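Letter by letter, the chains look like this.
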Amino acid sequence: MLRIVTDFDGPVIDVSQRYYLVYQLCLKKTCRPQQKVKELSFSEFWDLKRSHIPEKQIGILSGLEDTQAEAFAKLRKQTVHTHPYFQYDALKPGAVNALLKVKQAGCDLLVMTMRRVSELNYAFEKYNLSRFFPEDRRYCLSDDYVKTQDIDDKPLLMEKALSELPPATDTWMIGDTEADIAAAKKHGIKVIAIESGIRNRTQLERYQPNYYLPSLLDAVNFILNNSDASLNSNWLLEKYSQLSNQKTPSIDYQKLISSKK
Ligand SMILES: [Mg+2]
């Protein structure tokens, strides 16, 4: 059995507009009424996030003083993952197609996210995503979980999944941050880093995932074409008989036979 574990924010959901809106709001709330600040453009802001620049630094780059930038970072942390703002998230293009493809291939599909249950349920209902993930295939945080850091919390979620689920022949993780890469590598799982999420290529390279691909759909296509488990499964052999050497000789071999006639 082939198992695919996917992160949620990044591969499936685009959080960039929510993050930018909360940035604008926190900047306004932190500066004094007449204070001149420099609100970053969306692309300036998102480039900084993708470069993993700390929130306080983003505040300073926006013209806040040191103590203001600290208050800004704190306010942002308290605000960004709260319910009024999840409505600004968007579904990533191609994400539903990718999930359909995984299901059609008969893979075991899990979601593994630092979202809390209620935050995950909100998006599942809004985008009709529950159909892809039965309840025992949703690994997220409880609503009262006290977070430490994603890079520490996510490997714990992976550990929980591996201890609860039946063993798989081949397991792959897909994610867009260092936390996904760390969670997979700690448990010897192959990991594909998605480059269209909240970290740029330079940041991802620091954690050395096995592969880099642009999107969830690219990652799914890659796994289905390269996993030993999927190459051995019947549905693929029926669909692509050339995968079995016994069934159909390769094109070059056929040419060789015809040239000898
Ligand atoms: Mg993510």
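The residue numbering used here restarts from 1 in each chain and proceeds along that chain's sequence as written. With the structure being a predicted model, the display of local features is reserved for residues of pLDDT at least 70 and the display and counting of side-chain atom pairs for 80 or more, all residues being used for whole-chain, interface and lining totals.

Caption draft 1: How the structure looks around the overall build of the protein. Counting its secondary structure elements, the protein contains 13 helices and eight strands. Classification of the 261 residues of the protein by burial places 32% in the buried group. The contact rule is simple: place each C-beta atom from the backbone, and if two of them lie within 7 Å, those residues are in contact. Within the protein, residue pairs in contact and separated by at least 24 positions form 67% of the contacts whose partners lie at least 6 positions apart. Numbering of helices and strands runs from the N terminus, with a helix taken as a DSSP run of H or I at least four residues long and a strand as a DSSP run of E at least two residues long. Labels follow a simple rule on C-beta atoms placed from the backbone: if 20 or more others lie within 10 Å of a residue's own, it is buried; if 12 or fewer, it is exposed; otherwise it is partly exposed.

Caption draft 2: Representation of the environment of Ile181 in the model. You can see Ile181 is positioned in helix α8 (residues 178-186). Considering only alpha carbons, one finds Ile181 and Tyr207, 26 residues apart in sequence, at a separation of 6.6 Å. Beyond its immediate sequence surroundings of up to four residues, Ile181 is in contact with Gly175, Val191, Ala193, Tyr207 and Pro209.

Caption draft 3: Up close: unusual backbone geometry. One non-glycine residue with positive phi stands out, namely Asn128, at about 55°. With respect to the secondary-structure elements, Asn128 resides in the loop between α6 (117-127) and β5 (138-141). Residue Asn128 is classed as exposed on the basis of its C-beta count, with 10 C-beta atoms lying within 10 Å.

Caption draft 4: Highlighting the nonpolar core. A set of buried Ala, Val, Leu, Ile, Met, Phe, Trp, Tyr and Cys residues, joined through C-beta atoms within 7 Å, is what we mean by a nonpolar core. If you look at the biggest cluster of nonpolar residues, it comprises 48 residues, and the most contacted ones within it are Ile4, Ile174, Leu216 and Val220. No other element matches helix α10 (residues 216-226), which puts six residues into this core. Residue ranges for the domains trace back to a domain assignment, done automatically or taken from a database. Looking at this core, you find at least three residues from each of domain 1 (2-14 + 90-259) and domain 2 (16-86). Those residues in contact with Leu216 that lie beyond four places of it in its chain are Thr6, Pro11, Val12, Lys92, Gly94, Ala95, Ala98, Ile174 and Ile194.

Caption draft 5: Quick peek at the pairing of strand β4 (residues 108-116). Here strand β1 (residues 2-6) pairs with β4 via four bridges, running parallel. Bridging across to β4, Val5 finds its partner in Leu110. As paired elements, β4 and β5 share three bridges and run parallel to each other. Paired with Met112 across the strands is Tyr139, a residue of β5. Here, strands pair whenever DSSP counts at least two bridges between them.

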